[in-house]
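# Breakdown of the fold
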Amino acid sequence: MPDIYSFPQLVKVVGQLPPPSEYILSTFFAEGETGLTTEIEIQTLKGNKPIAPYVSDLQPGKVVARSGFTAKQYAPVPVKPMRNITYHDLKIRQAGEVLYNPDSIETRQRKLIAKDLVELNDTIIRRKVEMATQLIFSGKVIQLGEGVSDELDFDFTNKLTLSGTDLWTNAASKPLRTLDNLRLSILQKNGRTPRRLLCDYNAAVALMEHASVLALADNRGVNFGTIDTTLLPDGVTHHGFIKSLGLDVYSYTGTYTDDKGEDKPFIPAGHIVLLPDGKPFEFMYGANPVMINKEIRLVNTPVVAQVFADERTAVRTLELQSRPIPVPENVEGWYVAKVL
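Residues numbered from 1 in each chain as written. Predicted model: local features only at pLDDT ≥ 70, side-chain atom pairs only at ≥ 80, totals over all residues. Heavy atoms only, no water.

### Here's the deal with the overall build of the protein chain
Secondary structure assignment for the protein chain yields seven helices and 21 strands. Taken across its 340 residues, the protein chain has 42% of its residues classed as buried. If you take every contact in the protein chain between residues at least 6 apart in sequence, the share linking residues at least 24 apart comes to 70%. Just so you have it, the protein chain exposes about 18900 Å², and 52% of that area is on carbon and sulfur atoms. (Helix = DSSP H or I, 4+ residues; strand = E, 2+ residues; numbered from the N terminus. Buried < 20%, exposed > 50% of the residue type's maximum accessible area, 1.4 Å probe, protein only. Contact = heavy atoms within 4.5 Å. Areas by Shrake-Rupley, 256 points an atom, 1.4 Å probe, with all protein chains shown as cover.)

### Remarks on the pairing of strand β6 (residues 148–153)
The pairing of strand β5 (residues 140–145) with β6 spans six bridges and is antiparallel. When the sheet's bridge partners are listed, lysine 140 is paired in β6 with aspartate 153. (Pairing = 2+ DSSP bridges.)

### What about the sheet that holds strand β4 (residues 82–85)?
Strand order in the open sheet formed by three strands is β4-β19-β18, with antiparallel pairing between adjacent strands. This sheet does not close on itself; its edge strands, each paired only once, are β4 and β18 (303–310). When strand polarity is set aside, the average angle formed by the axes of neighbouring strands in this sheet is 20°. As judged from the eight bridges shared by β18 and strand β19 (residues 315–322), these two strands associate in the antiparallel manner. Its bridge partner lying in β19, valine 307 is registered against leucine 318. (Axes fitted to C-alpha atoms, helices over the stretch in contact; angles between N-to-C directions.)

### Quick look at the confidence of the model for the protein chain
Mean pLDDT over the protein chain stands at 83; residues scoring 70 or higher make up 82%. Least confident of the elements in the protein chain is helix α1 (residues 7–15), whose mean pLDDT is 57; most confident is strand β21 (residues 335–338), at 97. (pLDDT = per-residue confidence, 0-100.)

### What to know about helix α5 (residues 175–188)
Note that an α-helix has 3.6 residues per turn; residues three or four places apart therefore point the same way. Here α5 contains 14 residues, and its C-alpha end-to-end distance of 20 Å stays within 8% of the 20 Å for a straight helix at 1.5 Å per residue. Burial in α5 covers these residues: Pro175, Leu176, Thr178, Leu179, Leu182, Ser185 and Ile186. Following α5 by one or two positions, asparagine 190 adopts a phi angle in the positive range, close to 70°. (Expected span 1.5 Å × (residues − 1).)

### Side note on unusual backbone geometry
Most of the time, phi is negative for any residue but glycine, and the peptide bond is trans. The backbone phi angle of aspartate 155 is positive, close to 55°, even though this residue is not glycine. Notably, aspartate 234 is not glycine yet its phi reads approximately 65°, a positive angle. For aspartate 234, the location among the structural elements is in the loop between β9 (225–232) and β10 (236–242).

### Points about the packing of aromatic side chains
Each pair of aromatic rings is reported with the distance of its centres and the angle of its planes. All told, the structure shown has nine aromatic pairs when counted by the stated rule. For the pair phenylalanine 29 and phenylalanine 283, a centre-to-centre distance of 5.4 Å together with 40° between the ring planes defines the contact as tilted. Pair noted here: phenylalanine 29 is in strand β1 (residues 29–34) and phenylalanine 283 is in strand β15 (residues 281–285), with a separation of 254 residues, a long-range link. Neither phenylalanine 29 nor phenylalanine 283 differs from the other in exposure class; each is buried. Ring centres of phenylalanine 156 and tryptophan 334 lie 4.4 Å apart, and the angle between their planes is 10°; on these two criteria the pair is classed as stacked. (Phe/Tyr/Trp six-rings, centres within 6.5 Å; stacked < 30°, edge-to-face > 60°.)

### Looking at the pattern of salt bridges
All told, the structure shown has 12 salt bridges when counted by the stated rule. A salt bridge links lysine 128 to glutamate 31, with the shortest nitrogen-to-oxygen separation between them at 3.3 Å. On the criterion of sequence distance, the pair formed by lysine 128 in helix α4 (residues 105–138) and glutamate 31 in strand β1 is long-range, its members being 97 residues apart. We note a salt bridge from arginine 127 to glutamate 130, for which the minimum N-O separation is 3.2 Å. Of the two residues, arginine 127 and glutamate 130 both sit in helix α4, three residues apart, roughly one turn of that helix. (Salt bridge = Lys/Arg side-chain N within 4 Å of Asp/Glu carboxyl O.)

### Considerations on the pairing of strand β8 (residues 194–199)
In this sheet, strand β14 (residues 271–276) lies alongside β8 in antiparallel orientation, the contact comprising five bridges. Within β14, the position partnered with proline 194 by the bridge is proline 276. Relative to strand β11 (residues 247–252), β8 runs parallel, the two being bridged by four bridges. Looking at the pairing, leucine 198 lines up with tyrosine 250 of β11.

Okay, structure coming up:
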């Protein structure tokens, strides 16, 4: 029987954990590379579209600068969720354990390790979703924690805040005109064609129930698209399709519990974002330093797990370690607006 506490066995187990089902990660983020060191190179696009220069047959070629491309070295801040296993945890009958034929201490250890691995990995996934929504809605990733205060700013400027009669709760507002302007701005900045409108739930309802939208939908001479609410997994709702803009309208109601114990929505209240099809973002990872056979080594896998034993207190500690950071493909490729 393999040693469940050995590093190779833990690496194998973590690698077989089920992929995340969170909507934002699975829909908009690809899994990028893991660096060979704790630092990674972040490459992003932002800029114009150069055109090939005319040159005489008698002249050499003319250099076209790599405008809009930036690269920087960055060391992602590690996340390290851990959980202790004590004798008290092992002597208590676990949920689902048969009363008249209880598990042995060894079996309970294995079940507890497996359960804790999944739950701790879920905390990393939720942190990744929180980082992902930070990037999407602010263009920044702020990492605050014990002994840590770091900000990665991608110089994202595609932001709009509506006010007064422009708010979508106002009957005089023109939400379709606003969306068309945002869509055109993305295209003019060399972004991919937006196909998805991802909203706070109230913002999606305000759009699809706006008087101007309903009037178009009721006009039999205009092929507006569809207004048809469909409930999808993971707190996602499909509200319909706006044909003139080529946009499918979705809302997402997912939340997370922050470091202060407060529930926060992944999508800020009253916000919307225009996004292209495919995965315009990716998660990259720094390598994780671990101690193997009393030597420090770098392991280039997204998540590593280790078990430490304290003989004085008879406590085992399971710790997961990861160094994720979300990165956009093109900083001009999406647009965020506060519409309520």
